[in-house]
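So you can see what is in the structure, the chains are spelled out below.
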Amino acid sequence: MSRSNRYEKLLAKQKKIEERHKRIHETLHKHGQDILLSSKFHKTKDYVQHGDMSVYEHCMNVAERAIKIDRALRTKCVERDLVRGALLHDYFLYDWHVDGKDKGNVHPKLHGFYHPSTALKNANRDFKLSSREKDIIKKHMWPLTVVPPMCREAWVVTLADKYCSLMETFGLHKAKIKNINITEDER
């Protein structure tokens, strides 16, 4: 194979990846616009999740990964619930690394067990949630939550969250702020 043919194939592959990434961002924007525009959701940028990754970046990563998993496995998830639940799954709004000094961090040593309930309470207060979105948020830490997810969307987000958490913790997924560009006309 000639050098130019390899280069053309590489360019074609890169274009497909960019198009797929664009479709994923369009899906995030379509279903999560109110969340992405919320000043309270943007407060998650102030809290570290894993490594140097903010909670905001982590939630964006999980939402993107959940869409990829759903499409790859053809699980036929309700995309709106999948995206919104993924964006809000860690909407606990406190620094879990600070032992009890941050408001909301009621059980600092047991964050993994308790933050889903706090995230659900906050999300329920700030957004209108479907029953699937509630299940995603409340059960995403399974098996720590004991009761397993009840819908396929919650299973997909649970899987996406485990994958992203592992990648972030081991520094294999580097932090970079991901802002979804929403124009003034779309607000």
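Residues numbered from 1 in each chain as written. Predicted model: local features only at pLDDT ≥ 70, side-chain atom pairs only at ≥ 80, totals over all residues. Heavy atoms only, no water.

Quick look at the packing of helix 3 (residues 55–73) against helix 4 (residues 79–88)
Phase 1 of the analysis: Direction vectors running N to C along helix 3 and helix 4 enclose 150 degrees, while the axes themselves pass 8 Å from each other. As the angle between them shows, helix 3 and helix 4 are arranged roughly antiparallel. Judged by the sense of rotation from one axis to the other, the crossing of helix 3 with helix 4 is right-handed. When helix 3 is examined against helix 4, the residues C59, M60, V62, A63, A66, I67, D70 and R71 are found in contact with a partner set consisting of E79, L82, V83, A86 and L87.
Phase 2 of the analysis: Among the residues forming the contact of helix 3 with helix 4, the class breakdown is 10 nonpolar, no polar and three charged. (Axes fitted to C-alpha atoms, helices over the stretch in contact; angles between N-to-C directions. Helix = DSSP H or I, 4+ residues; strand = E, 2+ residues; numbered from the N terminus. Parallel < 35°, antiparallel > 145°, perpendicular 65-115°, else oblique. Left-handed = near helix turned anticlockwise from the far one by under 90°. Contact = heavy atoms within 4.5 Å. Nonpolar A, V, L, I, M, F, W, Y, C, P; charged D, E, K, R; others polar.)

Overview of unusual backbone geometry
Phase 1 of the analysis: Along the chain, W142 connects to P143 via a cis peptide bond; the corresponding omega equals 15 degrees.
Phase 2 of the analysis: Looking at where P143 falls in the secondary structure, it is placed in the loop between helix 6 (131–139) and helix 7 (152–169).
Phase 3 of the analysis: Unusually for a residue other than glycine, K76 sits at a positive phi of about 60 degrees.
Phase 4 of the analysis: Tracing the chain through its elements places K76 in the loop between helix 3 and helix 4.
Phase 5 of the analysis: Judged by relative accessible area, K76 falls into the exposed class, the value being 71%. (Buried < 20%, exposed > 50% of the residue type's maximum accessible area, 1.4 Å probe, protein only.)

Here we look at the nonpolar core
Generally speaking, a soluble globular protein has its nonpolar side chains buried in company with each other.
Phase 1 of the analysis: Residues F41, L87, L88 and Y91 are the most contacted members of the largest nonpolar core, which totals 38 residues.
Phase 2 of the analysis: Elements supplying a minimum of two residues to this core: helix 1 (3–37), helix 3, helix 4, helix 5 (111–126), helix 6 and helix 7.
Phase 3 of the analysis: No other element matches the nine residues that helix 3 contributes to this core.
Phase 4 of the analysis: Apart from the residues within four sequence positions on either side, L87 is in contact with G32, I35, L36, F41, C59, M60 and A63. (Core = buried A, V, L, I, M, F, W, Y, C linked by side-chain atoms within 4.5 Å.)

Some words on the pattern of salt bridges
Phase 1 of the analysis: Applying the stated criterion to the full structure yields nine salt bridges.
Phase 2 of the analysis: Across the pair E133 and R84 runs a salt bridge, and its minimum N-O distance is 3.2 Å. Taken together, the residues E133 in helix 6 and R84 in helix 4 connect sequence positions 49 residues apart. Each member of the pair E133 and R84 is classed as buried.
Phase 3 of the analysis: The partner of D126 in a salt bridge is R125, and the shortest N-O contact between them spans 2.9 Å.
Phase 4 of the analysis: According to the relative accessible area criterion, D126 is partly exposed, its value standing at 23%.
Phase 5 of the analysis: Taken together, the shared-partner salt bridges in this structure form one network comprising D34, R84 and E133. (Salt bridge = Lys/Arg side-chain N within 4 Å of Asp/Glu carboxyl O.)

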